[in-house]
Amino acid sequence: MKPAYYVTTPIYYVNDVPHIGHAYTTVAGDVLARYKRLMGHDVYFLTGSDEHGQKVEKAATTAGETPLELADRVVKRFQALWERLGISNTDFIRTTQERHKKGVTHIFKDIMEKGDIYLGEYEDWYCTPCETFWTETQLIEDRCPDCNRPVEKLKEESYFFRMSKYQEQLLAHIEANPDFIQPKSKRNEIISFVKEGLRDLSVSRTTFTWGIPVPGNEKHIIYVWFDALTNYITALGYPEATADYQRFWPVNVHLIGKDILRFHAVYWPTFLMAAGLPLPEKVFAHGWWTVEGQKMSKSLQNVVEPNLLIDKYGVDVVRYFLLREVPFGLDGDFSHSALVQRLNSDLANDLGNLLSRSTAMAVKYFDGVLPAPGKLSDCDQALVGKTAEMVTAVDRFIDEMAFSKALQAIWDVVSAGNKYIDETAPWTLAKDPEQKERLATVMYCLLESQRIVHIILSAFMPATTVKALASLGFQKEYSGKDLAWGGLQAGTTITKAEALFPRMEG
RNA sequence: GGCAGUGUAGCUCAGUUGGCUAGAGCAAGCGACUCAUAUUCGCUAGGUCCGGGGUUCGAAUCCCUGCACUGCCA
């Protein structure tokens, strides 16, 4: 039986406009999903939308529509973007779907019955204009820290989750599982946060109605994060013990942005503990993108619209840039000049040109019919070896979520290919009929190495792989087994590749 | 204010348990080739490894201190 692999992105809030940050997480998830599928895993790749809450309710009212109408309208923007980005998700969950509401209601009720959700009172300082609650300590000179206006003490009935009860259990789990929260810097932050003490968490609101009601007390709406986080199991069919649920839970990795780490590394695991369910294997918080050196913000109007990037540069260029430019987990800067630099240098000059010069020679020297290799020389063996090492290295880097390093490892082979041509100088061999067999061997090694490169690159740049393999005459369905040397058959038709990535003016 | 972390070539960064002349990619300069998307290949960086002090035969790597920046919490 195939091993199972479950990867998720957060569900995106329908009140947001899709930007580069959403695309980043989702592309990363897609690379994992495609890579694991390639390696023979049975993959469940989940993304979706978070559609409840006060902001959506309000935005809908302003727009003169129902919240669901708004969600229906906006969710299409996300789905259309994922389609364009080549995202291969197996499911798309919306928190307004019945399957989700059913599961949330169930787990809430279950925890309540076990005694870890109780009715209490929420007492805090409320700033009416900002519609925000503040704790005593957050106030600045007894005024709202945001607008500096006076606040009033407000008491509200609320359900609480007994999060404090799980402090030690959570801490023990984090310490026993060094990879549970990544990267390490974020893990440290969570450890110190938990050590400072967990308070019980308010998990219901009465100030709005757009959400899932608390079972048995409908004037309370379940807190949006409790609602949203549960998507990771409701998508699999929870509370039913469906085949998917049994196969895929616990999840291999939740990919998230660093801004929502606490919800995933503290709230969610303790909810699961209370419900008696297994914890995620890994929560990985990636960094933020700045844009041309500045923080992305609506007021600066510098929000990068992924659709425009795709229009301008192409899907695979965008996917490549996002994962290559910055180590996953660190912040990075998006700029057009950096993207064009990557495009010209890595994609056009190195990768694209290598295929183009290689296939051109195969056509020129062998009429496009791949010759069988003869005996391999040391330098051929070196290329074979490098290619094989790369496959091993990529596997390791992918498991570490080190996408950038995985791509660098692949580029080591691309670079080795370019050097190999220089060392073997096929144009010289071609002038001497006696060297025909040597030339055949060189051409074979050169093209075979690239076949493997492009198959492994299918996780990152699926559209490019299709083109590259077509010109290499490798048209069959492929899998991880095809990452082994020797897949290209003599006699295969090689056609000169079009420029995979035309250069652009910077 | 508390805790954690960062500061290495023009830029982005690697530098394991302290040890040969401190590395990579990109950018820049020079040279070579011509199969290729004017692409590729080779050579060239003499950088106070943030400042100061200390430990050591020896520190970018350990300790102390100062400065700058970042994150989490308050």
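For clarity, every value in this text was computed on a predicted model and none was experimentally measured.

Calculation criteria
Residues numbered from 1 in each chain as written. Chains lettered and ligands numbered in written order. Predicted model: local features only at pLDDT ≥ 70, side-chain atom pairs only at ≥ 80, totals over all residues. Heavy atoms only, no water. Helix = DSSP H or I, 4+ residues; strand = E, 2+ residues; numbered from the N terminus. Buried < 20%, exposed > 50% of the residue type's maximum accessible area, 1.4 Å probe, protein only. Contact = heavy atoms within 4.5 Å. Polar contact = N/O pair within 3.5 Å; in protein donor to acceptor, adjacent residues only side chain to side chain. Phe/Tyr/Trp six-rings, centres within 6.5 Å; stacked < 30°, edge-to-face > 60°. Pairing = 2+ DSSP bridges. UniProt positions renumbered as here; feature names shortened; annotations may be inferred. Salt bridge = Lys/Arg side-chain N within 4 Å of Asp/Glu carboxyl O.

Caption draft 1: A look at the environment of Thr9. Tracing the sequence through the fold places Thr9 in strand S1 (residues 4-13). Residue class for Thr9 comes out buried when judged on its relative accessible area of 0%. Apart from the residues lying within four places of it in its own chain, the contact partners of Thr9 are Thr25, Thr26, Phe45, Leu46, Thr47, Tyr232 and Leu255. Polar side-chain contacts of Thr9 include one of 2.7 Å to the side chain of Thr47.

Caption draft 2: Examining unusual backbone geometry more closely. Residue Gln182 is joined to Pro183 through a cis peptide bond whose omega torsion reads -5°. Position of Pro183 relative to the elements: it lies in the loop between strand S7 (181-182) and helix H6 (184-195). Residue Trp249 is joined to Pro250 through a cis peptide bond whose omega torsion reads 5°. In this structure, Pro250 sits in the loop between helix H9 (243-248) and strand S12 (253-257). Positioned with a positive phi, Met401 is a non-glycine residue whose angle comes to about 65°. Position of Met401 among the secondary structure elements: in the loop between helix H14 (378-399) and helix H15 (403-424). A residue is classified by how much of its surface remains accessible, and Met401, at 3% relative accessible area, is buried.

Caption draft 3: Inspection of the packing of aromatic side chains at higher detail. Here the structure, examined in full by the defined rule, presents 26 aromatic pairs. Pairing Phe161 with Phe271 gives two aromatic rings, centres 5.0 Å apart and planes at 80°, and the pair type is edge-to-face. Residue Phe161 is found in strand S6 (residues 152-161), and its partner Phe271 is found in helix H10 (residues 261-275); the two are separated by 110 residues along the sequence. You can call Phe161 buried: its relative accessible area is 0%. The class for Phe271 is buried, based on a relative accessible area of 1%. One aromatic cluster is present, formed by Tyr24, Phe284, Trp289, Phe321, Phe328, Phe334 and Phe403 through successive ring pairs.

Caption draft 4: Examining the sheet that holds strand S14 (residues 289-291) more closely. In space, the 3 strands of this open sheet follow the order S15-S14-S16, with mixed pairing throughout. For this open sheet the edge positions go to strand S15 (294-295) and strand S16 (332-334), each flanked by a neighbour on one side alone. Bridging between S14 and S16 involves 3 bridges; their strand directions are parallel. Across the sheet, Thr290 pairs through a bridge with Asp333, a residue of S16.

Caption draft 5: The arrangement of helix H12 (residues 315-325) in detail. Buried residues dominate H12, accounting for 9 of its 11 residues. Residues of H12 that are buried include every one of Asp316, Val317, Val318, Arg319, Tyr320, Phe321, Leu322, Leu323 and Arg324, and no others.

Caption draft 6: Fine view of the UniProt feature "short sequence motif: 'HIGH' region" (unreviewed entry) in chain A. Feature annotation in UniProt places "short sequence motif: 'HIGH' region" (unreviewed entry) on residues 12-22, given in this structure's numbering. Helix makes up 27% of residues 12-22 and strand makes up 18%, while its end C-alpha atoms are separated by 8 Å.

Caption draft 7: Structural view of the UniProt feature "domain: Methionyl-tRNA synthetase anticodon-binding" (unreviewed entry) in chain A. Within this numbering scheme, the UniProt entry marks residues 371-504 as carrying the feature "domain: Methionyl-tRNA synthetase anticodon-binding" (unreviewed entry). Helix makes up 59% of residues 371-504 and strand 0%, and the two end C-alpha atoms of the span are 35 Å apart.

Caption draft 8: Just the pattern of salt bridges, in detail. Inspection of the entire model under this criterion finds 23 salt bridges. Between Arg34 and Asp30 there is a salt bridge, and its shortest N-O distance comes to 2.8 Å. Of this pair, Arg34 and Asp30 both sit in helix H1 (residues 20-38), 4 residues apart, which is roughly one turn of the helix. Taking relative accessible area as the criterion, Asp30 reaches 0% and is therefore assigned buried. Glu448 is paired through a salt bridge with Arg451; the nearest N and O atoms lie 2.7 Å apart. Of this pair, Glu448 and Arg451 both sit in helix H17 (residues 436-456), 3 residues apart, which is roughly one turn of the helix. Both residues of the pair, Glu448 and Arg451, count as buried. Connected via shared salt-bridge partners are Asp30, Arg34 and Arg319.

Caption draft 9: Geometry of the side chain of Glu448. Exposure remark for Glu448: the relative accessible area of 0% places this residue in the buried category. Separated by 3.2 Å, the side chain of Glu448 and the backbone nitrogen of Leu488 make a polar contact. In this structure, Glu448 is in contact with Ala484, Trp485, Gly486, Gly487 and Leu488, ignoring residues within four places of it in sequence.

Caption draft 10: Here's a closer look at the sheet that holds strand S10 (residues 213-214). Taking strand neighbours across the sheet as the criterion, the 3 strands line up as S9-S11-S10 in an open arrangement whose pairing is antiparallel. At either end of the open sheet lies a strand with only one pairing partner, and these are strand S9 (204-205) and S10. Of the strand pairs in this sheet, S10 and strand S11 (residues 217-222) are connected by 2 bridges, and their pairing is antiparallel. Residue pairing in the sheet places Val214 in a bridge with Asn217 of S11.

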